[in-house]
Amino acid sequence: MKGLNKTFINEFILLGITDRPWLQKFLFTFVFFFYLLDLCGNLTIVLLVIRMPTLQSPMYFLLANLSFVDILFSSATVPKMMVGFFMENTISVKSCITQMYFFHVLGCIDGVLLAVMGYDRYVAICHPLQYITIMGRSTCILLVSASWMTGFTYSLVNTIMTSKLPFCNNQRIKHFFCDVKPVIKLACTDIHANEIALTAASGFLSTSVCLITLLSYLYIITHVLKIRYSKGGSKIFSTCSSHLSLVILFYGTAMCTYLGSASETSLEKDRIAAILFTVITPTLNPIIYTLRNSEVRNSIRTLIK
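Residues numbered from 1 in each chain as written. Predicted model: local features only at pLDDT ≥ 70, side-chain atom pairs only at ≥ 80, totals over all residues. Heavy atoms only, no water.

An unreviewed UniProt entry lists the protein under the name Olfactory receptor, with Engystomops pustulosus given as the organism. UniProt, in the comment section headed Subcellular location (unreviewed entry), describes the protein in these words: "Cell membrane". Recorded in UniProt under Sequence similarities (unreviewed entry), the annotation for the protein is "Belongs to the G-protein coupled receptor 1 family." (UniProt positions renumbered as here; feature names shortened; annotations may be inferred.)

**Q** In this structure, what is going on with the overall build of the protein? I would like to understand it.
**A** The secondary structure content of the protein amounts to 11 helices and three strands. Going from N to C terminus, the protein has its helices and strands arranged as β-α-α-α-β-α-α-α-β-α-α-α-α-α. For the protein, the proportion of its 305 residues judged to be buried stands at 48%. When contacts within the protein are restricted to residue pairs at least 6 apart in sequence, long-range pairs at least 24 apart make up 79% of them. In the form shown here, the protein has an accessible surface area of approximately 15300 Å², with 68% of it arising from carbon and sulfur atoms. (Helix = DSSP H or I, 4+ residues; strand = E, 2+ residues; numbered from the N terminus. Buried < 20%, exposed > 50% of the residue type's maximum accessible area, 1.4 Å probe, protein only. Contact = heavy atoms within 4.5 Å. Areas by Shrake-Rupley, 256 points an atom, 1.4 Å probe, with all protein chains shown as cover.)

**Q** Is there a simple way to think about the pattern of salt bridges in this case?
**A** For side chains bearing opposite charge, pairing can occur when the charged atoms are close. As enumerated under the stated definition, the model contains one salt bridge in all. For Arg 121, the salt bridge goes to Asp 120, with nearest N and O atoms at 2.9 Å. The two residues Arg 121 and Asp 120 agree in class, both being buried. (Salt bridge = Lys/Arg side-chain N within 4 Å of Asp/Glu carboxyl O.)

**Q** How should the state of the cysteines be read in this particular structure?
**A** A covalent bond bridging the sulfur atoms of two cysteines is what the word disulfide describes. Scanning all chains against the criterion turns up two disulfides. Disulfide pairing is shown between Cys 96 and Cys 178; the S-S distance is 2.0 Å. Disulfide Cys 96-Cys 178: torsion about the S-S bond near -120 degrees, hence left-handed. Here Cys 178 lies in the loop between β3 (172-173) and α7 (180-184) and Cys 96 lies in helix α4 (residues 93-126), a separation of 82 residues in the sequence. Since its relative accessible area comes to 0%, Cys 96 is described here as buried. Exposure remark for Cys 178: the relative accessible area of 0% places this residue in the buried category. (Disulfide = S-S within 2.5 Å.)

**Q** Would you explain a nonpolar patch on the surface in this entry?
**A** Side chains of Val 83, Phe 86 and Met 87 sit close together on the surface and give an oily, nonpolar patch of about 300 Å² of accessible area. The topology assignment puts Met 87 in the loop between α3 (78-83) and β2 (89-92). Taking the relative accessible area as the measure of exposure, Met 87 reaches 53% and is therefore exposed. (Patch = residues over 30% accessible without salt bridge, like charges linked within 9 Å, V, L, I, M, F, W, Y side chains within 5 Å.)

**Q** Explanation requested: the sheet that holds β3 in the structure shown.
**A** Hydrogen bonds between backbone groups are what pair the strands of a sheet, and the pairing can be parallel or antiparallel. With respect to topology, three strands assemble into an open sheet ordered β2-β1-β3, the strand pairing being mixed. Looking at which strands have only one partner, the edges of the open sheet turn out to be β2 and β3. Note that strand β1 (residues 11-14) and β3 share two bridges and pair parallel. When the sheet's bridge partners are listed, Ile 13 is paired in β3 with Arg 172. Contacts between α4 and the sheet are confined to β1, β2 and β3, with β2 contributing the most and set at about 90 degrees to the helix. (Pairing = 2+ DSSP bridges. Axes fitted to C-alpha atoms, helices over the stretch in contact; angles between N-to-C directions.)

**Q** It is not clear to me how the UniProt feature "transmembrane region" (unreviewed entry) in the protein should be interpreted in this structure. Could you clarify?
**A** Per the UniProt record, the feature "transmembrane region" (unreviewed entry) sits at residues 26-50, 62-81, 101-119, 140-157, 196-220, 241-260 and 272-291. The span residues 101-119 shows a helical share of 100% and a strand share of 0%, and its end C-alpha atoms are spaced 27 Å apart. In this annotation, residues 196-220 is assigned 100% helix and 0% strand; the end-to-end C-alpha distance for the span is 36 Å.

**Q** How do you make sense of the environment of Ile 134 when you look at a structure like this?
**A** Within the secondary structure, Ile 134 is located in helix α5 (residues 131-134). When its relative accessible area of 30% is taken as the criterion, Ile 134 is described as partly exposed. Separated by 10 residues in sequence, Ile 134 and Ala 124 place their C-alpha atoms 9.5 Å apart.

**Q** Sorry, what's going on with the pairing of β1 here?
**A** The two faces of the sheet receive side chains in turn, since in a regular strand these alternate between them. Relative to β2, β1 is paired through four bridges, and the arrangement is antiparallel. In the strand pairing of β2, Phe 12 is matched with Ile 91.

**Q** What's the story with the packing of aromatic side chains in this structure? I'm lost.
**A** The geometry of an aromatic ring pair comes down to the distance between the two centres and the angle between the two planes. In total, this model carries 17 aromatic pairs according to the counting rule given. Judged by centre distance (6.1 Å) and plane angle (40 degrees), the ring pair of Tyr 119 and Tyr 122 falls under tilted. Of the two residues, Tyr 119 and Tyr 122 both sit in helix α4, three residues apart, roughly one turn of that helix. Judged by relative accessible area, which is 35%, Tyr 119 ranks as partly exposed. Ring geometry for Phe 250 versus Tyr 251: centroids 5.6 Å apart, planes at 80 degrees, classification edge-to-face. The class for Phe 250 is buried, based on a relative accessible area of 6%. Through a chain of ring-to-ring contacts, the aromatic side chains of Phe 73, Phe 103, Phe 176, Phe 177 and Phe 277 assemble into a single cluster. (Phe/Tyr/Trp six-rings, centres within 6.5 Å; stacked < 30°, edge-to-face > 60°.)

Structure, rendered in structure tokens:
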């Protein structure tokens, strides 16, 4: 399709992570291994919560939703990335915009659910007698629904603005999937408004959700320090610190990625950060949240028997 001295394209080429054959094979094995762990671990959590009566509590209901979203989140990008290790990875403009939309929908839901789970742990630890009343079934469903609605709304803004941009001549995306920053960089028009919208929306959402999550864990840590000499307090502190490390990893990489400009240097760093929150973090979620959980271990044994 041709305009005035411009040829508008209808597909992009995803450049991937590297063009070195030996490194491509290594990365394919690495990503494939973690993707299998992601699918198996998160699917196990979902099945356990559905099948086992002992796991019918607000915490496990939220964990099952997080695991379900993590499966979709990784599946939105990882299979396409693995294809790119062995052949030229092309994608139509419409498919690219679609992938971008669902990636940001699921990533946003993931982040909000981490905040909801932080609040759930705060209520359970700091207000145990009121836990069932505060975190009732209707409240949990409302919080999960709000997470999904936030994701759909947030992603819609950047996706619509990106879909209206004209793309011409340059069709090589310096990423292994269609993300907002590397895609708008290819537009043959001014993208200043897009960059402002991306930074404003991502900055407000990620900062707000991150602060809520950190505040929840801050109250938990303060509460635990009061009972730090007891065995129970030590276990709670250890568990929550591992949860908090995962939260910091997710929010930290996401904020570093979307709050910067779309420069060449930042795009290179974004590819590395994207591996962390599309491949590593979804795999760690079921491990971190169930590592020291005797109820989950017993449920796995029962399900196997």
